[in-house]
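Each chain is listed here by its residues.
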Amino acid sequence: MWSRLTQRGLTPWRIGALLVCFALAVILLVTLIADIAPAASPHSLTSLPPPPPPSPNTDITHSPGTILFDSESPAASSLDEENSMAFLILGDWGEPGTNVTTIAARSETENVSFVLTLGDNFYDNGVRSVEDPLWQQTFERVYNDSVFQVPWYICVGNHDVDGLANAQAQIDYSQQSTRWNLPSLYHSTTVTLPDGETTLGIIILDTINLVERQDLEQVRWLQHTLASSSAEFLIVVGHTPIYSVGEHGSSAFLIANVLPLLQQYQVSVYLCGHNHGIQHLTLGGSEHAVESLQVGNTARFTVQGGGEYPPVAAAEDSGLVQVHYYWPHQQSVVTYCTEHIGGEDDGLCNAFAIGRVYRDSLHLTVFNRCISPQFHLSPLTPSLR
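A brief structural summary.

Parameters and conventions
Residues numbered from 1 in each chain as written. Predicted model: local features only at pLDDT ≥ 70, side-chain atom pairs only at ≥ 80, totals over all residues. Heavy atoms only, no water. Helix = DSSP H or I, 4+ residues; strand = E, 2+ residues; numbered from the N terminus. Buried < 20%, exposed > 50% of the residue type's maximum accessible area, 1.4 Å probe, protein only. Contact = heavy atoms within 4.5 Å. Areas by Shrake-Rupley, 256 points an atom, 1.4 Å probe, with all protein chains shown as cover. Polar contact = N/O pair within 3.5 Å; in protein donor to acceptor, adjacent residues only side chain to side chain. Phe/Tyr/Trp six-rings, centres within 6.5 Å; stacked < 30°, edge-to-face > 60°. Expected span 1.5 Å × (residues − 1). Arc of directions from axis to C-beta. Core = buried A, V, L, I, M, F, W, Y, C linked by side-chain atoms within 4.5 Å. Salt bridge = Lys/Arg side-chain N within 4 Å of Asp/Glu carboxyl O.

Time to look at the overall build of the protein. Along the protein, the regular secondary structure elements total eleven helices and 15 strands. Put simply, the protein has 385 residues, and 52% of those count as buried. Intrachain contacts of the protein at a sequence separation of at least 6 include 75% that bridge at least 24 residues. When the accessible surface of the protein is split by element, carbon and sulfur atoms take 53% of a total near 17,700 Å².

See the structure below:
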């Protein structure tokens, strides 16, 4: 064999050189494949470069204020009701045929000016087109009371964009409906109070694609939108919680890429859903903390048994998050709530919230008759300009 190779001019030295070149080529190929391969996990903190640092906002400093649980409603006598504005908050609400009598009555009492949704607008697989029957079964014929004939600012959830869902159909429906506002999967708007001066900035994220695709372009959009806002109050809405004690847990990607921006620009509150229950958490420790309120329709949820809540236990011990309230609690067995939806009990187990913005404070009230008629979180105060 060696004689035949030698006759062809392939000496041992040349054969060794060829083997070395072949080995180097294999190493180079493996390196190139590793560089272009997608990250192993959408929640990996080490797979992404950090987002660009926020530029200072020279126009206004947003303040998260303090959120507290009050046993009674805030004293109306000290607040300027005439120049306030109320809004309805619905999370994980897209069940066809839901009885919304209680929601309508409270919304009428509060005289809501608009509706914020927190995602999962249509169960289980979103809508297929603008003619999908679910538009009538879940939205048009359900929320048809006059109190709901106001702008709806829409956030999408996993049931709206994953699987068979056609998220573009929800965007297109904005062209057919005077209420439905979803110009793109992530968007923002600003509303002005009756005093003509105080403003509320609303920034709505598409956290499903943000997390699943590690969408740094959306992160940059969020940073730019926060930096350019001069609103007294800033609300950021996303379907996915940043921290959560619920079934789906916390999102490492949002903790690493979104929470620092909310802290930097001192967002008033982060509203989210996804876990079907109620949670109030303070995120980011004591300095530049961000309040988070999670409202998920409790008529559709996974029963939680006993035990601790591991998704945030380590962070809580480190002072990175404070868990003020969550329901269902440990040891809760509340499957009876599923019987109330659309039944004789007027859907009383549908959790929802009412926000009210005043010139100098923002109040949030959560309603769920499975635990108590209501509880209040108040106030959030902006810095004076």
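Position of threonine 117 relative to the elements: it lies in strand β3 (residues 112-117). Classification of threonine 117 by relative accessible area gives buried; the value is 0%. Among the polar contacts listed, one links the side chain of threonine 117 to the side chain of asparagine 121, at a separation of 3.3 Å. Setting aside anything within four residues of it in sequence, one finds threonine 117 in contact with Leu90, Trp93, Trp152, Tyr153, Ile154, Cys155 and Val237.

The residue valine 127 is located in the loop between β3 and α4 (134-140) in this model. For the pair valine 127 and alanine 165, spaced 38 residues apart in sequence, the C-alpha to C-alpha distance is 5.6 Å. Aside from chain neighbours lying at most four places away, what touches valine 127 is Phe122, Asp132, Leu134, Trp135, Ala165, Asn166, Ala169 and Gln170.

In this structure the tally under the stated criterion is 18 aromatic pairs. An angle of 70° between the planes, with centres 6.4 Å apart, marks the rings of tryptophan 93 and phenylalanine 139 as edge-to-face. Taken together, the positions of tryptophan 93 in the loop between β2 (85-90) and α3 (101-110) and phenylalanine 139 in helix α4 put the pair 46 residues apart, joining distant regions of the chain. Here tryptophan 93 and phenylalanine 139 have matching classes, each one buried. Relative to tryptophan 180, the ring of phenylalanine 139 lies with its centre 5.0 Å away and its plane at 70°, an arrangement referred to as edge-to-face. With phenylalanine 139 in helix α4 and tryptophan 180 in strand β5 (residues 180-181), the pair connects residues that are 41 residues apart, well separated along the chain. Comparing phenylalanine 139 with tryptophan 180 shows no difference in burial state: the two are buried. By the ring-pair criterion, three or more aromatic residues cluster together here, those being Trp93, Phe122, Trp135, Phe139, Tyr143, Phe148, Trp152, Tyr173 and Trp180.

A few words now on helix α8 (residues 216-228). In this model α8 runs 18 Å from its N-terminal to its C-terminal C-alpha over 13 residues, within 8% of the 18 Å that 1.5 Å per residue would give. What α8 keeps buried is the set Leu216, Gln218, Val219, Leu222, Gln223, Thr225, Leu226 and Ala227. Looking at the buried positions of α8, the neighbouring elements they touch are β6 (187-192), β7 (199-204), α7 (207-212), β8 (233-237), α9 (252-257) and α10 (259-264). One side-chain oxygen at the N-terminal end of α8 lies 3.2 Å from the backbone nitrogen of glutamate 217; it belongs to aspartate 215.

This part takes up α3. For α3, the complete set of buried residues consists of Ile103, Ala104, Ser107 and Glu110. Each buried residue of α3 sits inside an arc of 135° when the element is viewed along its axis, so together they form one side. Across from the buried face of α3, at angles greater than 90 degrees, the exposed residues are Glu108 and Thr109. Of the surrounding elements, those touching the buried residues of α3 are β2, β3 and β13 (352-357). At the exit of α3 stands asparagine 111, carrying a positive phi of roughly 55°.

One recurring pattern in soluble globular proteins: nonpolar side chains tend to sit buried together. Within the largest apolar cluster, 34 residues are counted, with the highest numbers of intra-cluster contacts made by Leu88, Leu90, Ile103, Tyr143, Phe148, Trp152 and Trp180. Elements represented by at least two residues in this core include exactly β2, α3, β3, α4, α6 (167-172) and β13. The contacts of phenylalanine 148, once residues within four sequence positions are left out, are Leu88, Val100, Ile103, Ala104, Ser107, Tyr143 and Arg179. In this structure, Leu216, Leu222, Leu262 and Leu281 belong to the second largest nonpolar core, which totals 29 residues.

What follows covers the pattern of salt bridges. Across all of its chains, the model carries six salt bridges by this definition. In this structure, arginine 356 engages glutamate 110 in a salt bridge whose closest nitrogen and oxygen atoms are separated by 3.2 Å. One end of the pair, arginine 356, is in strand β13; the other, glutamate 110, is in helix α3, with 246 residues separating them in the sequence. Neither arginine 356 nor glutamate 110 differs from the other in exposure class; each is buried. Its salt-bridge partner being glutamate 217, residue arginine 220 comes within 3.4 Å of it at the nearest N-O pair. Highlighted residues: arginine 220 and glutamate 217, both in helix α8, separated by three residues, approximately one helical turn. Here glutamate 217 falls in the partly exposed class, since its relative accessible area comes to 47%.

Everything listed here is a matter of geometry and, on its own, says nothing about what the molecule does.
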